[in-house]
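So you can see what is in the structure, the chains are spelled out below.
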There are 2 protein chains.
Amino acid sequence: MLAASLERRRPWCEARLRSPDAQSATPRERIQYVFRRAAENAAAPGCCGCPYLAVLVELKDGEHPASVVARAAKELLRGCFEEQAGQGGAGDPALLARQLVLIFDGASARAGARIEHLDDGLLTATATTLLDAAGVK
Amino acid sequence: MLAASLERRRPWCEARLRSPDAQSATPRERIQYVFRRAAENAAAPGCCGCPYLAVLVELKDGEHPASVVARAAKELLRGCFEEQAGQGGAGDPALLARQLVLIFDGASARAGARIEHLDDGLLTATATTLLDAAGVK
(Lines give C-alpha, C1' and ligand atoms only; values in the text may rest on other atoms or scores of the structure.)
Protein backbone atom coordinates (compact mmCIF):
# COMPACT_ATOMS: atom_id res chain seq x y z
CA MET A 1 0.00 0.00 0.00
CA LEU A 2 2.89 2.32 0.81
CA ALA A 3 4.56 1.41 -2.48
CA ALA A 4 1.32 2.11 -4.36
CA SER A 5 0.94 5.44 -2.63
CA LEU A 6 4.47 6.44 -3.63
CA GLU A 7 3.91 5.21 -7.16
CA ARG A 8 0.78 7.36 -7.48
CA ARG A 9 2.81 10.38 -6.46
CA ARG A 10 5.37 10.00 -9.24
CA PRO A 11 3.61 11.99 -11.99
CA TRP A 12 3.28 14.91 -9.55
CA CYS A 13 7.02 14.75 -8.78
CA GLU A 14 8.04 14.25 -12.39
CA ALA A 15 6.10 17.36 -13.37
CA ARG A 16 8.26 19.30 -10.93
CA LEU A 17 11.38 18.26 -12.82
CA ARG A 18 10.17 19.99 -15.98
CA SER A 19 10.67 23.70 -16.30
CA PRO A 20 7.52 25.37 -17.75
CA ASP A 21 9.71 27.05 -20.38
CA ALA A 22 11.64 23.88 -21.14
CA GLN A 23 12.12 24.85 -24.78
CA SER A 24 13.87 28.15 -24.14
CA ALA A 25 15.48 27.45 -20.73
CA THR A 26 19.16 26.59 -20.54
CA PRO A 27 20.27 23.37 -18.79
CA ARG A 28 21.47 25.55 -15.90
CA GLU A 29 18.04 27.19 -15.62
CA ARG A 30 16.29 23.82 -15.77
CA ILE A 31 18.36 22.54 -12.86
CA GLN A 32 17.83 25.72 -10.87
CA TYR A 33 14.08 25.40 -11.50
CA VAL A 34 14.01 21.99 -9.78
CA PHE A 35 15.64 23.48 -6.68
CA ARG A 36 13.34 26.50 -6.63
CA ARG A 37 10.31 24.21 -6.73
CA ALA A 38 11.76 21.99 -4.01
CA ALA A 39 12.22 25.04 -1.77
CA GLU A 40 8.64 26.15 -2.46
CA ASN A 41 7.29 22.69 -1.67
CA ALA A 42 9.28 22.57 1.58
CA ALA A 43 7.55 25.76 2.72
CA ALA A 44 4.06 24.32 2.21
CA PRO A 45 2.11 23.69 5.43
CA GLY A 46 2.44 20.12 6.63
CA CYS A 47 5.32 19.26 4.31
CA CYS A 48 7.60 16.66 5.89
CA GLY A 49 10.20 16.54 3.14
CA CYS A 50 10.57 14.19 0.20
CA PRO A 51 8.42 11.09 0.85
CA TYR A 52 10.78 8.88 -1.15
CA LEU A 53 13.76 9.85 0.98
CA ALA A 54 11.73 9.41 4.17
CA VAL A 55 10.75 5.88 3.13
CA LEU A 56 14.36 4.96 2.39
CA VAL A 57 15.58 6.38 5.71
CA GLU A 58 12.76 4.85 7.74
CA LEU A 59 12.47 1.39 6.21
CA LYS A 60 16.21 0.69 5.94
CA ASP A 61 15.19 -2.25 3.78
CA GLY A 62 16.21 -2.04 0.16
CA GLU A 63 14.03 -5.02 -0.78
CA HIS A 64 10.76 -3.55 0.48
CA PRO A 65 8.43 -2.69 -2.46
CA ALA A 66 8.17 0.90 -1.23
CA SER A 67 11.98 1.18 -1.15
CA VAL A 68 12.15 -0.05 -4.74
CA VAL A 69 9.71 2.67 -5.86
CA ALA A 70 11.53 5.29 -3.79
CA ARG A 71 14.94 4.32 -5.16
CA ALA A 72 13.62 4.55 -8.73
CA ALA A 73 12.25 8.03 -8.06
CA LYS A 74 15.59 9.14 -6.62
CA GLU A 75 17.42 7.65 -9.59
CA LEU A 76 15.10 9.54 -11.94
CA LEU A 77 16.07 12.81 -10.26
CA ARG A 78 19.80 12.00 -10.38
CA GLY A 79 19.54 10.99 -14.03
CA CYS A 80 17.65 14.18 -14.86
CA PHE A 81 20.42 16.24 -13.27
CA GLU A 82 23.11 14.27 -15.08
CA GLU A 83 21.42 14.76 -18.44
CA GLN A 84 21.05 18.51 -17.93
CA ALA A 85 24.60 18.80 -16.56
CA GLY A 86 25.92 17.09 -19.69
CA GLN A 87 23.90 19.35 -21.97
CA GLY A 88 25.16 22.37 -20.02
CA GLY A 89 28.81 21.42 -20.54
CA ALA A 90 29.75 20.14 -17.06
CA GLY A 91 33.23 18.63 -16.97
CA ASP A 92 31.92 15.61 -15.08
CA PRO A 93 28.11 15.43 -15.38
CA ALA A 94 27.84 12.25 -13.28
CA LEU A 95 29.77 13.80 -10.38
CA LEU A 96 27.78 17.02 -10.51
CA ALA A 97 24.51 15.07 -10.52
CA ARG A 98 25.58 13.19 -7.37
CA GLN A 99 26.49 16.48 -5.70
CA LEU A 100 23.15 18.02 -6.65
CA VAL A 101 21.15 15.12 -5.20
CA LEU A 102 23.21 15.39 -2.00
CA ILE A 103 22.00 18.92 -1.43
CA PHE A 104 18.48 18.11 -2.65
CA ASP A 105 18.13 15.28 -0.15
CA GLY A 106 19.95 17.12 2.63
CA ALA A 107 17.59 20.04 2.25
CA SER A 108 14.60 17.74 2.12
CA ALA A 109 15.62 15.89 5.28
CA ARG A 110 16.49 19.05 7.22
CA ALA A 111 13.51 21.13 6.12
CA GLY A 112 11.17 18.18 6.62
CA ALA A 113 12.49 17.80 10.18
CA ARG A 114 12.08 21.56 10.71
CA ILE A 115 15.74 22.17 11.48
CA GLU A 116 16.23 24.26 8.35
CA HIS A 117 14.19 26.70 6.32
CA LEU A 118 14.56 27.08 2.56
CA ASP A 119 12.58 30.27 2.00
CA ASP A 120 15.64 32.51 1.71
CA GLY A 121 17.17 30.91 -1.38
CA LEU A 122 19.64 28.63 0.47
CA LEU A 123 19.00 25.66 -1.77
CA THR A 124 19.18 27.46 -5.12
CA ALA A 125 22.26 29.40 -4.00
CA THR A 126 24.03 26.18 -3.03
CA ALA A 127 23.06 24.49 -6.31
CA THR A 128 24.28 27.55 -8.22
CA THR A 129 27.67 27.40 -6.49
CA LEU A 130 28.03 23.79 -7.65
CA LEU A 131 26.83 24.67 -11.18
CA ASP A 132 29.35 27.53 -11.35
CA ALA A 133 32.21 25.31 -10.18
CA ALA A 134 31.29 22.70 -12.81
CA GLY A 135 30.98 25.36 -15.54
CA VAL A 136 27.35 24.56 -16.41
CA LYS A 137 25.66 27.03 -18.77
CA MET B 1 15.33 5.54 26.25
CA LEU B 2 15.95 6.61 22.65
CA ALA B 3 16.92 10.08 23.88
CA ALA B 4 19.33 8.58 26.43
CA SER B 5 20.87 6.36 23.76
CA LEU B 6 21.44 9.37 21.50
CA GLU B 7 22.81 11.40 24.40
CA ARG B 8 25.34 8.66 25.20
CA ARG B 9 26.54 8.79 21.63
CA ARG B 10 27.39 12.49 21.74
CA PRO B 11 30.97 12.28 23.03
CA TRP B 12 31.76 9.82 20.22
CA CYS B 13 30.34 12.22 17.64
CA GLU B 14 31.94 15.29 19.17
CA ALA B 15 35.35 13.60 19.02
CA ARG B 16 34.83 13.26 15.27
CA LEU B 17 34.50 17.04 14.94
CA ARG B 18 38.01 17.56 16.27
CA SER B 19 40.91 17.15 13.92
CA PRO B 20 43.76 15.19 15.59
CA ASP B 21 46.18 17.98 14.58
CA ALA B 22 43.82 20.73 15.70
CA GLN B 23 46.67 23.03 16.69
CA SER B 24 48.39 23.09 13.32
CA ALA B 25 45.43 22.47 11.01
CA THR B 26 43.82 25.38 9.15
CA PRO B 27 40.06 25.99 9.50
CA ARG B 28 39.66 24.60 5.98
CA GLU B 29 41.51 21.42 6.94
CA ARG B 30 39.44 21.06 10.12
CA ILE B 31 36.21 21.22 8.12
CA GLN B 32 37.52 18.78 5.52
CA TYR B 33 38.51 16.41 8.33
CA VAL B 34 34.88 16.22 9.52
CA PHE B 35 33.74 15.22 6.03
CA ARG B 36 36.51 12.66 5.61
CA ARG B 37 35.52 11.02 8.90
CA ALA B 38 31.84 11.08 7.93
CA ALA B 39 32.67 9.29 4.68
CA GLU B 40 34.74 6.69 6.55
CA ASN B 41 31.94 6.11 9.03
CA ALA B 42 29.41 5.69 6.22
CA ALA B 43 31.52 2.87 4.78
CA ALA B 44 31.52 0.92 8.06
CA PRO B 45 29.50 -2.33 7.98
CA GLY B 46 25.98 -1.87 9.29
CA CYS B 47 26.11 1.92 9.23
CA CYS B 48 22.66 3.38 8.57
CA GLY B 49 23.66 7.03 8.45
CA CYS B 50 23.61 9.69 11.15
CA PRO B 51 21.34 8.47 13.98
CA TYR B 52 20.36 12.04 14.90
CA LEU B 53 19.13 12.77 11.39
CA ALA B 54 17.30 9.43 11.25
CA VAL B 55 15.49 10.23 14.51
CA LEU B 56 14.44 13.65 13.24
CA VAL B 57 13.20 12.24 9.92
CA GLU B 58 11.43 9.27 11.50
CA LEU B 59 9.80 10.86 14.54
CA LYS B 60 8.61 14.04 12.81
CA ASP B 61 7.94 15.33 16.32
CA GLY B 62 10.09 18.22 17.44
CA GLU B 63 8.89 17.90 21.04
CA HIS B 64 9.97 14.29 21.52
CA PRO B 65 12.93 14.07 23.94
CA ALA B 66 14.96 12.20 21.32
CA SER B 67 14.27 14.96 18.78
CA VAL B 68 15.52 17.56 21.26
CA VAL B 69 18.80 15.67 21.71
CA ALA B 70 19.12 15.12 17.94
CA ARG B 71 18.46 18.78 17.15
CA ALA B 72 21.11 19.85 19.66
CA ALA B 73 23.65 17.50 18.06
CA LYS B 74 22.85 18.88 14.62
CA GLU B 75 23.13 22.43 15.91
CA LEU B 76 26.52 21.58 17.40
CA LEU B 77 27.75 20.47 13.99
CA ARG B 78 26.38 23.57 12.25
CA GLY B 79 27.92 25.82 14.91
CA CYS B 80 31.27 24.06 14.58
CA PHE B 81 31.23 24.66 10.81
CA GLU B 82 30.25 28.30 11.28
CA GLU B 83 33.07 28.90 13.76
CA GLN B 84 35.67 27.35 11.48
CA ALA B 85 34.25 29.13 8.42
CA GLY B 86 34.58 32.46 10.25
CA GLN B 87 38.14 31.71 11.30
CA GLY B 88 38.96 30.71 7.73
CA GLY B 89 37.73 34.03 6.34
CA ALA B 90 34.42 33.00 4.73
CA GLY B 91 32.45 35.97 3.44
CA ASP B 92 29.28 34.63 5.08
CA PRO B 93 30.20 31.96 7.68
CA ALA B 94 26.56 31.33 8.66
CA LEU B 95 25.52 30.66 5.06
CA LEU B 96 28.49 28.39 4.41
CA ALA B 97 27.75 26.42 7.59
CA ARG B 98 24.15 25.86 6.45
CA GLN B 99 25.43 24.68 3.05
CA LEU B 100 27.91 22.31 4.67
CA VAL B 101 25.28 20.68 6.88
CA LEU B 102 23.05 20.27 3.81
CA ILE B 103 25.65 18.08 2.15
CA PHE B 104 26.58 16.35 5.43
CA ASP B 105 22.97 15.32 6.04
CA GLY B 106 22.24 14.58 2.38
CA ALA B 107 25.23 12.25 2.29
CA SER B 108 24.24 10.65 5.58
CA ALA B 109 20.67 10.02 4.42
CA ARG B 110 21.67 8.70 1.00
CA ALA B 111 24.59 6.55 2.14
CA GLY B 112 22.55 5.25 5.10
CA ALA B 113 19.81 4.23 2.66
CA ARG B 114 22.43 2.60 0.39
CA ILE B 115 21.59 4.77 -2.61
CA GLU B 116 24.99 6.47 -2.53
CA HIS B 117 28.54 5.50 -1.69
CA LEU B 118 31.04 7.92 -0.22
CA ASP B 119 34.24 5.94 -0.62
CA ASP B 120 35.43 7.84 -3.69
CA GLY B 121 35.78 11.26 -2.09
CA LEU B 122 32.36 12.62 -3.19
CA LEU B 123 31.63 14.26 0.14
CA THR B 124 35.02 15.93 0.68
CA ALA B 125 35.11 17.08 -2.96
CA THR B 126 31.68 18.69 -2.62
CA ALA B 127 32.62 20.35 0.67
CA THR B 128 35.84 21.63 -0.91
CA THR B 129 33.90 23.18 -3.79
CA LEU B 130 31.80 25.09 -1.26
CA LEU B 131 34.90 26.07 0.77
CA ASP B 132 36.61 27.34 -2.40
CA ALA B 133 33.57 29.38 -3.43
CA ALA B 134 33.41 30.93 0.05
CA GLY B 135 37.16 31.64 0.06
CA VAL B 136 37.92 29.63 3.20
CA LYS B 137 41.61 29.12 3.98
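The structure under discussion appears in the preceding block.
Residues numbered from 1 in each chain as written. Chains lettered and ligands numbered in written order. Predicted model: local features only at pLDDT ≥ 70, side-chain atom pairs only at ≥ 80, totals over all residues. Heavy atoms only, no water.

A. Structural view of the overall build of chain A. Along the backbone of chain A there are six helices and zero strands. The order of α-helices and β-strands along chain A, N terminus first, is α-α-α-α-α-α. Its C-alpha atoms give chain A a radius of gyration of 15 Å, within 12% of the compact-globule value 14 Å for 137 residues. Across its three principal axes, chain A shows a C-alpha extent of roughly 40 × 30 × 25 Å. Burial status across chain A gives 51% buried among its 137 residues. Sequence separation of 24 or more characterises 67% of the internal contacts of chain A that already satisfy a separation of 6 or more. Carbon and sulfur atoms provide 54% of the accessible area of chain A, an area that totals close to 6,200 Å². Averaging the positions of the 17 positive and the 17 negative side-chain charges in chain A gives two centres separated by 2 Å. (Helix = DSSP H or I, 4+ residues; strand = E, 2+ residues; numbered from the N terminus. Rg over C-alpha atoms; globule rule 2.2 N^0.38 Å. Buried < 20%, exposed > 50% of the residue type's maximum accessible area, 1.4 Å probe, protein only. Contact = heavy atoms within 4.5 Å. Areas by Shrake-Rupley, 256 points an atom, 1.4 Å probe, with all protein chains shown as cover. Lys, Arg positive; Asp, Glu negative; His and termini not counted. Charge placed at Lys NZ, Arg CZ, Asp CG, Glu CD.)

B. View of the interface of chain A and chain B. Every contact between the two is made by 32 residues of chain A and, on the other side, 32 residues of chain B. Carbon and sulfur atoms make up 71% of the surface buried where chain A meets chain B, a total of about 2,900 Å² over both sides. The largest contributions to the chain A side of the interface with chain B come from A:Arg98, A:Leu102 and A:Arg110, which together make up 24% of the buried area. For the pair chain A and chain B, the number of links is eight salt bridges. One salt bridge connects A:Arg98 with B:Glu116, and the closest N-O pair in it is separated by 2.9 Å. One can count 12 residue pairs in polar contact (both at pLDDT 80 or more) joining chain A with chain B. Of all the secondary-structure elements, those providing two or more residues to the side of chain A that touches chain B are helix H3 (51-59), helix H4 (65-87), helix H5 (93-112) and helix H6 (122-134) of chain A. Broken down by element, the residue count for the side of chain A that touches chain B peaks at 11 residues, all from H5(A). For the side of chain A that touches chain B, a count of residues per class yields 18 nonpolar, five polar and nine charged. (Buried area = accessible area lost by both parts, 1.4 Å probe. Salt bridge = Lys/Arg side-chain N within 4 Å of Asp/Glu carboxyl O. Polar contact = N/O pair within 3.5 Å; in protein donor to acceptor, adjacent residues only side chain to side chain. Nonpolar A, V, L, I, M, F, W, Y, C, P; charged D, E, K, R; others polar.)

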